[in-house]
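Per-entry structural report
Single-letter residue listing:
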Amino acid sequence: MLRLQNIQTYYGNIQALKDVTIDIEEGEIVTLIGANGAGKTTTLMSISGITPPRRGEIFFRGSPIHQMKPEAIVKLGICQVPEGRRIFPDMSVVENLEMGAFLRNDKANIKSDLEMVFDLFPILEQRRTQSGGTLSGGEQQMLAISRALMARPRLLLLDEPSLGLAPLIIQQIFEIIKKINQESGTTIFLVEQNANQALKLANRGYVMENGRITLVDDASALLENDDVRKAYLGL
Ligand code: ATP
């Protein structure tokens, strides 16, 4: 479904990604783990066209997207939930969700999609008129994921959804990510520092160090890998 082929992404003279190749099949949950500053966020920004690669290619369902604008990439069905959530704090929950559907052509289905996200996250329905900025961290993460779902993505890019959240809330959010994948077949690419939880959820995983992919395997194999256990699982 998605192929990153030897991409190299820069911030000015700083090379953040060095020959990164990643393949994601339709319907999979794939995780990208790595330490702070490894290049995980840059990988997502390269896919979504916000920080396009200087060299290399990105294909979505066989077509090149690495020279497309971010809005065009969203329209293809690739939607990113950014790190730190970035909801609109002064807009209500419902207004935030409607913004997620902004680029869609089939506005008629928006109402039923609102019901779909309220089914996934009932707390958001209770808070529907509350402004986004007054929600707890976990609720804001739920809102950020729901807002992306309102765009009806085929591929959902999640940047550290567990960041700064309590363990119970993280578990809840990861269960819902699994449900989104299972019920609607949405393909998930999950960037995480919480390697343990991410590898338990994913089918396959990539490990990134200093802008390079150093390992790729089934998530269950990575959980058993001695290097991964030492470096990322604290075992
Ligand atoms: P984190 O978990 O902290 O978000 P990450 O794995 O997502 O880390 P990136 O944010 O992709 O890593 O950063 C990769 C490298 O690029 C780092 O060395 C970082 O300092 C650098 N970098 C990231 N954003 C910028 C920027 N806007 N300008 C310059 N350098 C940047």
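Anyway, here's the lowdown on the structure attached to this text. (Residues numbered from 1 in each chain as written. Predicted model: local features only at pLDDT ≥ 70, side-chain atom pairs only at ≥ 80, totals over all residues. Heavy atoms only, no water.)

**Regarding the pairing of strand S4 (residues 55-60)**
We count it as follows: At least two DSSP bridges between two strands are needed for those strands to be called paired. A run of H or I in DSSP counts as a helix once it spans at least four residues, and a run of E counts as a strand once it spans at least two, with each numbered from the N terminus.
Bridge analysis of strand S1 (residues 2-11) against S4 gives 5 bridges, and the strand direction is antiparallel. Each bridged residue has a counterpart across the sheet, and for Arg3 the counterpart in S4 is Phe59. Pairing analysis gives 2 bridges linking S4 to strand S5 (residues 63-64), with the strands arranged antiparallel. Bridge assignment links Phe60 to a residue of S5, and that residue is Ser63. The turn linking S4 back onto S5 is made up of 2 residues, and Arg61 within it adopts a positive phi angle of 50°.

**A short note on the pattern of salt bridges**
Which entries qualify depends on this criterion: In the sections that follow, a salt bridge refers to a side-chain nitrogen of Lys or Arg positioned within 4 Å of a carboxyl oxygen of Asp or Glu. Using a 1.4 Å probe on the protein chains alone, a residue whose accessible area is under 20% of its type maximum counts as buried, one over 50% counts as exposed, and one in between counts as partly exposed.
Per the counting criterion, the structure on display carries 6 salt bridges. Residues Asp23 and Arg3 are paired through a salt bridge, measuring 2.8 Å at the closest nitrogen-oxygen approach. Residue Asp23 is located in strand S2 (residues 14-24), and its partner Arg3 is located in strand S1; the two are separated by 20 residues in the primary sequence. Assessed through its relative accessible area of 30%, Arg3 is described here as partly exposed. Here Arg127 ties to Glu139 by a salt bridge, and the two come within 3.1 Å at their closest N and O atoms.

**A word on the sheet that holds S1**
As a reminder of what qualifies: What makes two residues a contact is simply this: any of their non-hydrogen atoms within 4.5 Å. The axes are straight lines fitted to the C-alpha atoms, using for helices just the contacting stretch, and the angles between their N-to-C directions are given from 0 to 180°.
An order of S2-S1-S4-S5 is seen for the 4 strands of this open sheet, with the pairing classed as antiparallel. Each having just a single partner strand, S2 and S5 make up the two edges of the open sheet. In this sheet, S2 lies alongside S1 in antiparallel orientation, the contact comprising 7 bridges. Residue pairing for S2: Arg3 is matched across the bridge by Asp23. Strands S1, S2 and S4 of the sheet are contacted by helix H1 (residues 40-47), whose axis makes an angle of about 110° with S1.

**A look at the packing of helix H6 (residues 137-149) against helix H7 (residues 167-184)**
For any two helices packed against each other, the geometry comes down to the angle between their axes and how far apart the axes lie. What counts, and what does not: Convention used here: angles under 35 degrees read as roughly parallel, angles over 145 as roughly antiparallel, angles from 65 to 115 as roughly perpendicular, and any remaining angle as oblique. Note on convention: the crossing is left-handed when the near helix lies turned anticlockwise from the far helix by less than a right angle, right-handed when the turn is clockwise. Each residue gets one label: Ala, Val, Leu, Ile, Met, Phe, Trp, Tyr, Cys and Pro are nonpolar, Asp, Glu, Lys and Arg are charged, and the others, such as Gly, are polar.
The contact between H6 and H7 brings their axes to 10 Å, and the two run at 15°. In terms of orientation, H6 and H7 fall into the roughly parallel class. In terms of crossing hand, the pair formed by H6 and H7 is right-handed. Contacts from Gly138, Gln141, Met142, Ile145 and Leu149 in H6 reach Ile169, Gln172, Ile173 and Ile180 in H7. Taken together, the residues of the contact of H6 with H7 break down into 6 nonpolar, 3 polar and no charged.

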